[in-house]
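Summary of structural features
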Amino acid sequence: MSHSHHGDRAGVRYRGRLRVALGLTVAVLAVEVLVALATGSLVVISDAGHVATDALGLAMALAAISLASGSGPTGHRTFGLYRLEILAALANAVLLLGVAAFVLVEAVGRLADPPTVAGGPVLIVGFVGVAANVVAFVALRSGATESMNVRGAYLEVLADTAGSVGVIVGAGILWITGWGWVDPILGAAIGLFIVPRAYHLGRDAVRVLTEAAPAGLDVAAVQADLAALPGVLDVHDLHVWTLTNDMDVLSAHLMVGVGVDMHPVLDAAREVLHERHQLDHVTLQIEPENHAGCTEVDW
């Protein structure tokens, strides 16, 4: 069985689309900064802060993908730099939560004394944001199910779209009614919209960094399937973890009877792990039952 891994990971496949999303995000940010300075709208300020964070997050995602794809196992980095993608996703989640906290605090302060905001320029910003985000949304949607890093960028674009819609709604109400409190209320709503999405992204990144078993994988079933193989007497020291997107790793010791041919056991174990659990990067130690030494490892 080949040990090569030539298939492009999802992050690499969607690198071009991430660049498109980054370019659109920077363009929207430039427009929002100008309008925020001119109008003082909290909706635009909060959305601009969110968009700025997204632009930084997209840039980090692209940098992580480039570094990870260009550095395989070398020297002391026996797993390369693949984990950079997960670190970028975690950083995105932290930044998103920071923006949400700032917006919520600012909104509470403004409710007591709502400022006067011009609705026309704010409305234009909303439509510009929606148009740009729809393009980025379509570009990243398919990759969101394949890569945690792309999913982080996709969630940011999704939140940007919701923010732009909020800007349009707020500007429309403000323009028609002149109600100053609409601006901080909708600014706070954008902040609240960000929180659960940032939390889920951060939770998934932490799960990978703490080397928990992949979500949805039944570790007990993996151990039972290996133990049921002909010639296998015991399965121990079983570990399953995620290195990065599309790269789940397993290691285990299989104890076999004295005199059992180990080659068929190894082939059968690899086959069952691939067919039933979609685990391909596996390291298996086959040892006869009269072998001593495994009990010395107690963690």
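Residues numbered from 1 in each chain as written. Predicted model: local features only at pLDDT ≥ 70, side-chain atom pairs only at ≥ 80, totals over all residues. Heavy atoms only, no water.

1. What to know about the overall build of the protein
Of the regular secondary structure elements, the protein holds nine helices and three strands. Walking the protein from its N terminus toward its C terminus, one meets helices and strands in the order α-α-α-α-α-α-α-α-β-β-α-β. When each of the 299 residues of the protein is scored for burial, the buried share is 46%. Put simply, 75% of the contacts in the protein that link residues at least 6 apart link residues at least 24 apart. Of the roughly 14500 Å² of accessible surface on the protein, 64% is carried by carbon and sulfur atoms. (Helix = DSSP H or I, 4+ residues; strand = E, 2+ residues; numbered from the N terminus. Buried < 20%, exposed > 50% of the residue type's maximum accessible area, 1.4 Å probe, protein only. Contact = heavy atoms within 4.5 Å. Areas by Shrake-Rupley, 256 points an atom, 1.4 Å probe, with all protein chains shown as cover.)

2. Observations concerning the confidence of the model for the protein
The predicted structure's coordinates, where accompanied by low pLDDT, should not be read in detail. Here the protein averages 78 in pLDDT, and 83% of its residues register 70 or above. By mean pLDDT, helix 1 (residues 10–13) is the weakest element of the protein at 64, and helix 8 (residues 219–227) is the strongest at 94. (pLDDT = per-residue confidence, 0-100.)

3. Some points on the sheet that holds strand 3 (residues 281–288)
Strand order across the open sheet formed by three strands is 1-2-3, with mixed pairing between neighbours. Only two strands of the sheet have a single neighbouring strand rather than two, namely strand 1 (232–244) and strand 3. Each neighbouring strand pair of the sheet contributes to a mean axis angle of 10°, computed without reference to strand direction. Where strand 2 (residues 247–256) and strand 3 come together, eight bridges link them in parallel fashion. Within strand 3, the residue paired with Val249 across the bridge is His281. This element, helix 8, spans strand 1 and strand 2 of the sheet and lies at about 140° to strand 1. (Pairing = 2+ DSSP bridges. Axes fitted to C-alpha atoms, helices over the stretch in contact; angles between N-to-C directions.)

4. Points about helix 4 (residues 84–111)
An α-helix turns once every 3.6 residues. As a result, residues three or four positions apart point the same way. With 28 residues, helix 4 should reach 40 Å at 1.5 Å per residue; the first-to-last C-alpha distance of 41 Å fits that figure. Residues of helix 4 that are buried include every one of Glu85, Ile86, Ala88, Ala89, Asn92, Ala93, Leu96, Val99, Ala100, Val103, Ala107 and Arg110, and no others. (Expected span 1.5 Å × (residues − 1).)

5. Examining the nonpolar core
Ranked by size, the top nonpolar core spans 21 residues in total, and within it Leu18, Leu58 and Leu140 carry the most contacts. Those elements that place two or more of their residues in this core are helix 2 (15–39), helix 3 (42–69), helix 4, helix 5 (119–140), helix 6 (148–177) and helix 7 (182–209). For this core, the element with the most residues is helix 6, which contributes five residues. Counting 20 residues, the second-largest nonpolar core is a separate cluster that includes Val222, Leu229, Leu250 and Leu279. (Core = buried A, V, L, I, M, F, W, Y, C linked by side-chain atoms within 4.5 Å.)

6. Regarding unusual backbone geometry
The phi dihedral of Glu211 is positive, around 60°, even though this residue is not glycine. Along the chain, Glu211 falls in the loop between helix 7 and helix 8.

7. Brief notes about the pattern of salt bridges
Close approach of charged atoms allows side chains of opposite charge to pair. Under the counting rule described, the total for this entry stands at two salt bridges. Salt-bridge contacts for Asp204 lead to Arg203; the nearest nitrogen and oxygen are separated by 3.5 Å. The partner of Arg276 in a salt bridge is Asp225, and the shortest N-O contact between them spans 3.0 Å. Residue Arg276 is found in helix 9 (residues 262–277), and its partner Asp225 is found in helix 8; the two are separated by 51 residues along the sequence. Given a relative accessible area of 54%, Arg276 falls into the exposed group. (Salt bridge = Lys/Arg side-chain N within 4 Å of Asp/Glu carboxyl O.)

8. Quick notes on a nonpolar patch on the surface
A cluster of nonpolar residues, Leu111, Val165, Val169, Ile173, Trp179, Trp181 and Ile185, forms a patch on the protein surface that exposes about 610 Å² of accessible area. When residues of the nonpolar patch are assigned to their parent elements, the largest contribution, three residues, is made by helix 6. Val165 sits in the partly exposed class, given a relative accessible area of 41%. (Patch = residues over 30% accessible without salt bridge, like charges linked within 9 Å, V, L, I, M, F, W, Y side chains within 5 Å.)

9. Some remarks on the side chain of Ser251
With respect to the secondary-structure elements, Ser251 resides in strand 2. Using a relative accessible area of 18% as the deciding quantity, one classes Ser251 as buried. Sequence-distant contacts of Ser251, that is, excluding residues within four places in its chain, are made with Asp237, Leu238, His239, Trp241 and Thr283.

10. Topic: the environment of Glu156
With respect to the element layout, Glu156 can be found in helix 6. A C-alpha to C-alpha distance of 8.7 Å links Glu156 and Arg197, two positions 41 residues apart in sequence. With residues near it in sequence (within four places) discarded, Glu156 still touches His50, Asp54, Gly57, Leu58, Asn92 and Leu96.

11. Here we look at helix 2
The end-to-end C-alpha distance of helix 2, which contains 25 residues, comes to 36 Å, matching closely the 36 Å that a straight helix rising 1.5 Å per residue would cover. Taken together, the buried positions of helix 2 are Leu18, Ala21, Leu22, Thr25, Val28, Leu29, Glu32, Val35, Ala36 and Thr39. Following helix 2 by one or two positions, Gly40 adopts a phi angle in the positive range, close to 75°.

12. Points about the environment of Pro214
If you trace the backbone, Pro214 turns up in the loop between helix 7 and helix 8. A residue is classified by how much of its surface remains accessible, and Pro214, at 10% relative accessible area, is buried. Separated by 26 residues in sequence, Pro214 and Val240 have C-alpha atoms that sit 7.4 Å apart. Apart from the residues lying within four places of it in its own chain, the contact partners of Pro214 are Arg207, Val240, Trp241, Thr242 and Asp248.

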